[in-house]
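# Notes for the structure review
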Amino acid sequence: MKSNKAVVKVMSPKREDQPLAPLIEDLLGRLGENPKRDGLLRTPHRVEGALRFLTSGYRADIRKVLNGALYEVKYDEMVVVRDIEFFSLCEHHMLPFFGKMHIAYLPQKKVIGLSKIPRLVDVFARRLQIQERLTQQVAQTIQETINPLGVGVICEAKHLCMMMRGVEKQHSGAMTSAMLGAFRDRKDTRDEFLALVTRL
Ligand SMILES: [Zn+2]
């Protein structure tokens with residue numbers, strides 16, 4: 001007689017869903033620490049939680065983040081959001097880099113709700129990044145989402161991998177920019193943006 005038992009396949013969890021804590025415990029040991037000492041007992045779980053949060057941008061859906069926050073308007077002046085704080089991890093050392101982003105665009109028909117722009121930055125910052133790509137991705141996403149006449153993004157950041165390892169002077173920062181459309185082609189637009197973000 002044929003068995004009606006369903007075949008139960010044991011699926012191993014996807015690689016990105018596998019726990020990190022055992023790896024961190026192993027890492028602590030390899031660093032010469034004793035992972036069983038009091039202060040470190042919960043550390044692997046805390047590090048796992050922190051790393052999951054700091055890389056949560058991989059699991060975020062841009063469309064959902066911006067959902068319901070795109071508006072049709074008759075406004076064609078420059079929209080500028082400056083001093084957006086962000087925190088990211090460099091993909092070369094997995095150490096933080098952090099700073100501010102200034103974002104502007106020239107709307108054509110649509111604008112993005114102002115509060116959503118920092119959320120957009122978080123989606124890309126909470127991944128392993130290099131500053132150049134982070135800057136570019138933010139600009140590109142705005143361009144693709146609302147098709148403005150142009151987008152300008154300036155990003156200033158400090159990198160702990162440089163500061164802590166003494167590669168750079170403690171107070172030096174890195175600047176990157178991405179200029180699309182009118183911000184690339186028209187000097188007056190670019191100058192207006194720079195004047196707005198450098199004004200104290
Ligand atoms: Zn680095």
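So, here is what we can say about the structure in this document. Residue numbers restart at each chain and count upward from 1, following the sequence in its written direction. Only residues with pLDDT of at least 70 are given local features in this predicted model, and only at 80 or more are side-chain atom pairs given and counted; all residues enter the totals for whole chains, interfaces and linings. Side-chain measures were taken over the full set of non-hydrogen atoms in the model, leaving aside hydrogen atoms and water.

## Observations concerning helix α4 (residues 116-125)
Here is the rule we go by: With a 1.4 Å probe rolled over the protein chains alone, any residue whose accessible area is under 20% of its type maximum counts as buried; one over 50% counts as exposed, and the rest are partly exposed. Each helix is a run of DSSP H or I of at least 4 residues and each strand a run of E of at least 2, with the numbering of both proceeding from the N terminus.
With seven of 10 residues buried, α4 is to be regarded as a mostly interior element. Every buried residue of α4 is listed here: Ile117, Leu120, Val121, Asp122, Val123, Phe124 and Ala125.

## Re the pairing of strand β3 (residues 96-106)
Note the following rule: When DSSP finds two or more bridges between two strands, those strands count as paired.
Most of β3 is tucked away: eight of the 11 residues are buried. Pairing geometry for strand β2 (residues 79-90) and β3, over nine bridges, is antiparallel. Bridging across to β3, Val79 finds its partner in Tyr105. Hairpin connection, β2 to β3: the antiparallel pair is bridged by five residues, and Met94 has positive phi, about 55 degrees. Bridge count between β3 and strand β6 (residues 150-159): 10 bridges; the pairing is antiparallel. Note on β6: the bridge partner recorded for Met101 is Cys155.

## Focus on the packing of α4 against helix α5 (residues 131-146)
Counted only if it meets this: Every angle, taken between N-to-C directions, lies between 0 and 180 degrees, and every axis is a line fitted to C-alpha atoms, over only the stretch in contact when it is a helix. With respect to orientation, any angle under 35 degrees is reported as roughly parallel, any angle over 145 as roughly antiparallel, any angle of 65 to 115 as roughly perpendicular, and every other angle as oblique. By convention the crossing between two helices is left-handed if the near helix lies anticlockwise of the far one by an angle smaller than a right angle, and right-handed if it lies clockwise. Contact between two residues is taken to exist if any of their heavy atoms lie within 4.5 Å; hydrogens are not considered. Ten residue types, Ala, Val, Leu, Ile, Met, Phe, Trp, Tyr, Cys and Pro, are classed as nonpolar, four, Asp, Glu, Lys and Arg, as charged, and the remainder, Gly among them, as polar.
Across the interface, α4 lies against α5 with an axial gap of 10 Å and an inter-helix angle of 135 degrees. Compared by their axis directions, α4 and α5 come out oblique. In terms of crossing hand, the pair formed by α4 and α5 is right-handed. Listed contacts from α5 to Leu120, Val121, Phe124 and Ala125 of α4 are Leu134, Gln137, Val138, Thr141 and Ile142. By residue class, the composition of the contact of α4 with α5 is seven nonpolar, two polar and no charged.

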